Amino acid sequence: MGKPNTRRLDREIALTQRKIEAVQNEEMWPLTSAERRKVMGALAGGSYRVLRGQSAGRAERALEQAMNAVTVRLTAELTALQMERQRIVTEAAREKAAKKASGWW
């Protein structure tokens, strides 16, 4: 019995880590459409208020909250993928130990 096949999960974990790094660099590609709408709305509202000579504090907070929500979502997704990978590895090790223990050598 060989190693458990975790290639697909490893790829998903790496992609999620890249998404988290992209969000920290304020890139838009990892965001869902609803998250993009929130970010664009905050940017538009803030730029309108700045253009009018007013403070954009509320828009900045909305933008920060949206980006924090994205980070939390991606972190939870990453944690779930890592837990699933660990479960697969543990299950394979348990099967290997059971197979080894059942032998008569």
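In this convention, every chain numbers its residues from 1, walking through the sequence in written order. Under the rules for a predicted model, residues below a pLDDT of 70 receive no local features and side-chain atom pairs below 80 are neither given nor counted, while totals for whole chains, interfaces and linings still include all residues. The basis for every side-chain value is the complete set of non-hydrogen atoms in the structure, without hydrogens or water.

Trainee: Teacher, can you tell me more about the overall build of the chain here?
Mentor: Helix and strand counts for the chain come out as three helices and zero strands. Numbered from the N terminus, helices here are DSSP runs of H or I no shorter than four residues, and strands are runs of E no shorter than two. Secondary structure elements of the chain occur, N-terminal to C-terminal, as α-α-α. Since a compact globule built from 105 residues should have a radius of gyration of about 13 Å, the 22 Å found for the chain marks it as more spread out than a globular shape. When the backbone C-alpha atoms are referred to their principal axes, the chain occupies close to 85 × 20 × 15 Å. We compute the radius of gyration from the C-alpha atoms alone; for a globule the expected value is 2.2 Å times N to the 0.38, where N is the number of residues.

Trainee: Hey, could you run me through the packing of helix α2 (residues 33-51) against helix α3 (residues 57-102) in this one?
Mentor: Packed helices, taken two at a time, are described by the angle between their axes plus the distance between the axes. Inter-axis angles, ranging from 0 to 180 degrees, are taken between N-to-C directions of lines fitted to C-alpha atoms, where helices are fitted over the stretch in contact. Orientation of α2 relative to α3, taken along the N-to-C sense of each, is 160 degrees, at an axis distance of 8 Å. One finds that α2 runs roughly antiparallel with respect to α3. When you trace α2 past α3, the crossing you get is left-handed. In this structure, α2 uses E35, K38, V39, A42, L43, G45 and G46 to contact α3, whose residues at the interface are A59, A62, L63, A66, M67, V70 and R73. Residues that form the contact of α2 with α3 fall into these classes: nine nonpolar, two polar and three charged. Roughly parallel means an angle under 35 degrees; roughly antiparallel means over 145; roughly perpendicular covers 65 to 115; every other angle is labelled oblique. We call a crossing left-handed when the near helix sits turned anticlockwise from the far one by less than a right angle, and right-handed when that turn is clockwise. The contact criterion used is simple: two residues touch if any of their non-hydrogen atoms lie within 4.5 Å. Under this grouping Gly is polar, as are all residues other than the nonpolar Ala, Val, Leu, Ile, Met, Phe, Trp, Tyr, Cys and Pro and the charged Asp, Glu, Lys and Arg.

Trainee: Sorry if this is basic, but what is going on with unusual backbone geometry here?
Mentor: Outside of glycine, negative phi angles account for most residues, and trans bonds account for most peptide bonds. For E26, which is not glycine, the phi torsion reads 60 degrees and is therefore positive. Relative to the elements of secondary structure, E26 occurs in the loop between α1 (7-24) and α2.

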